[in-house]
Amino acid sequence: MAETAEAKKPGALKALGIALSNRKTFFMLVFGFASGLPFALFLGTLFAWLTEAEVDLETMGIFSLIGLAYAFQFLWSPLIDKANLPGLRRLGRRKQWIVPMQIALGIILVTMSVLEPRTQLGWFSLLAGIGAFASATQDIAINAWRIDVADEKATLDILSTVYQMGYRFSSLVGGALGLIIAARIGWPETYMMMGGILLAAGFIGLFAPNAADDKVIGEAPADEQVLALRKAGELHPSVRARALGLVGLLWALAIGVVLAFMIMSMTYAPEDRPNPTEFTKNFGPWIIVATIILPALIAGWLSTKKRDGHFLLLEDAPAATGGAYAMDHLYRALVLPLVEFVGRLGWSLVLILAVVLTYRICDAIWGTFAYPFYLGELQYSNDEVAFASKFFGVGAIILGLAVGGLMLTVIGRMATLLIGGLLAALTNLLYADLAIGGHYMQAMSDAVGFTWAISQVPVIGSPALAKLTITIGFENLAIGIAGAAYIAWLSSIVSKKFSAVQYALLSSLTLLVGTLGRGALGEMIENQGYFDVFVLTTLIGLGAVVLVAFEWWRQARAGANSGVVTPDPVAQPAE
């Protein structure tokens, strides 16, 4: 009897082995490392260099603008998704952005290494700002590349996990290891070394595979999606033009506000500069409304009209030329990704956005207050915190990512997303115990022999450090599992046709919601203390778990209705 298709499928562990041995997995690891290294160098290690160079805090405030490039990267994601770089299109749709950005970042870091921060701060800050923009740009393209090249061998789940492993490892190299290297050979030499690493990554990236449908030989053909807008059954150009005008105006206002803020911050006197935190708090929500919420409502209206047969072309329209041709391309870049997203998901998009806004909020908010908690509230030393959070903690995250990748393969994406979210929420209770003395965590550490093991660490090893280290270890293990599942799930719900824009929009929401909540959380810490905050973040995390359960039910129901019976109905990005 011939084997059934189901019987021919490899087992979970065998499939995992096949995926890890795939060359796409290797390049994903390189790209993940190259994505995380600039973030660590520009938003962490750089401040240590500036402090050592005796740059004053007010001036260092300029460098906090660097974070805006990552928070608002979706504002230029349509350009990355649609435009081709002259002479570089042959590299591939995504690589034409990834490789030049990595090379530019390498050159920027090497150039910064020959500058003196205190006397050449203007050039220093300009290069850091350009570097952050280049870093955020490569992130957009790398995320899209991951979604585009995923296939049955190098699955989206495994690529997402490997990407995060590279990203987390680079945070260790650019963070703790960077500080150690700088203490021995100096900051200029350290940044020159890091620049060389990124230049090497750019060279390696030249050989990364492209998606199967990525045409890289000769000139790029006319965009089929743009040509299809003039076919019978598509929305009338006049209707699309009005929608594009509204969306374009909203995006232009948002970009104008961000540019005005950056210009004011770079040119005004220190005492007159706007505060980046206040800007994000006051204008961030409105930027989200202008660039995501209102355009999504417009996209929903367009999708409804097309579905109901209103305002449609009855026959093919002539090919667009001149201004109409440019309008069609702008519509494809700004509006069509949202029309596809809303049209495909419908009201389910509300549930998806609720998961996006809540699933990682505990991590996103808590990170800002970690060091004040460790150093101020718990009175640990810098060396003790560095060991527990940077070395042991990063190792625990990487282990969590490995476990998460295995779980994705064995039990499926949604089950891993649910379990990871539950673990991440409950680990907040471990911190709540630390906030009131850590008696339970100390007892656990003693019982499993962890206290003895930490006591053997030279210089800093002490019984009191054990309860902090084991708490960070459990939390980071949970974060690794949750992170692996979350990135895989987020990647799975976007379309390969619009992966750069759709993923950038969703990931920016994840980042911004944490930024917007920090002010309220800081005020709560001041008024009620850390214990109540950790209980609250646990409840938020459990709420996210409930939403994930609804999303799992939605996917299972959608799969059943379409005749698909798999652990993950959305096993690959939608076409």
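Residues numbered from 1 in each chain as written. Predicted model: local features only at pLDDT ≥ 70, side-chain atom pairs only at ≥ 80, totals over all residues. Heavy atoms only, no water.

Colleague: Residues and numbers for the overall build of the protein, please.
Modeller: Of regular secondary structure, the protein possesses 25 helices and zero strands. Contacts spanning at least 24 positions in sequence make up 82% of the contacts within the protein whose residues lie at least 6 apart. Accessible surface, the protein as shown: approximately 25,300 Å² in total, 68% of it carbon and sulfur. (Helix = DSSP H or I, 4+ residues; strand = E, 2+ residues; numbered from the N terminus. Contact = heavy atoms within 4.5 Å. Areas by Shrake-Rupley, 256 points an atom, 1.4 Å probe, with all protein chains shown as cover.)

Colleague: So what's going on with the nonpolar core? Residues and values would help.
Modeller: Residues F42, L46, F74, M112, L302, Y331 and W489 are the most contacted members of the largest nonpolar core, which totals 120 residues. Ignoring sequence-local partners within four residues, the contact set of F42 consists of F47, I66, Y70, L105, I108, L109, M112, A128, G131 and A132. (Core = buried A, V, L, I, M, F, W, Y, C linked by side-chain atoms within 4.5 Å. Buried < 20%, exposed > 50% of the residue type's maximum accessible area, 1.4 Å probe, protein only.)

Colleague: Tell me about the packing of helix α9 (residues 156-174) against helix α19 (residues 382-411), residues and numbers included.
Modeller: Packing of α9 against α19 brings their axes to within 9 Å, and their N-to-C directions diverge by 175°. As judged from the angle between their axes, α9 and α19 are roughly antiparallel. On α19, the residues touching D157, I158, T161, Q164, M165, R168, F169, S171 and L172 of α9 are K390, F391, V394, I397, I398, L401, A402, G405, L408 and T409. In terms of residue class, the contact of α9 with α19 is made up of eleven nonpolar, five polar and three charged. (Axes fitted to C-alpha atoms, helices over the stretch in contact; angles between N-to-C directions. Parallel < 35°, antiparallel > 145°, perpendicular 65-115°, else oblique. Nonpolar A, V, L, I, M, F, W, Y, C, P; charged D, E, K, R; others polar.)

Colleague: Give a description of the packing of aromatic side chains that names residues and reports values.
Modeller: Throughout the structure, instances matching the rule amount to 24 aromatic pairs. Pairing F203 with F207 gives two aromatic rings, centres 5.5 Å apart and planes at 80°, and the pair type is edge-to-face. On the basis of relative accessibility, which here comes to 52%, the residue F203 falls in the exposed class. Their ring planes at 25° and their centres at 6.2 Å tell us that Y530 and F534 sit as a pair that is stacked. Highlighted residues: Y530 and F534, both in helix α25 (residues 530-561), separated by four residues, approximately one helical turn. Residue class for Y530 comes out buried when judged on its relative accessible area of 9%. By the ring-pair criterion, three or more aromatic residues cluster together here, those being F373, Y374, Y431, Y530 and F534. (Phe/Tyr/Trp six-rings, centres within 6.5 Å; stacked < 30°, edge-to-face > 60°.)

Colleague: Go over the pattern of salt bridges, please, and point to the residues and values.
Modeller: One pass over the structure, following the stated rule, counts twelve salt bridges. The shortest N-O distance in the salt bridge between R230 and D328 comes to 2.9 Å. Here R230, found in the loop between α12 (224-228) and α13 (237-267), pairs with D328, found in helix α15 (residues 322-334); they are 98 residues apart in sequence, far enough to count as distant. Overall, the relative accessible area of 3% leaves D328 in the buried class. For the salt bridge of K306 with E234, the shortest nitrogen-to-oxygen distance reads 3.0 Å. Here K306, found in helix α14 (residues 276-307), pairs with E234, found in the loop between α12 and α13; they are 72 residues apart in sequence, far enough to count as distant. Exposure remark for K306: the relative accessible area of 36% places this residue in the partly exposed category. Since its relative accessible area comes to 21%, E234 is described here as partly exposed. (Salt bridge = Lys/Arg side-chain N within 4 Å of Asp/Glu carboxyl O.)

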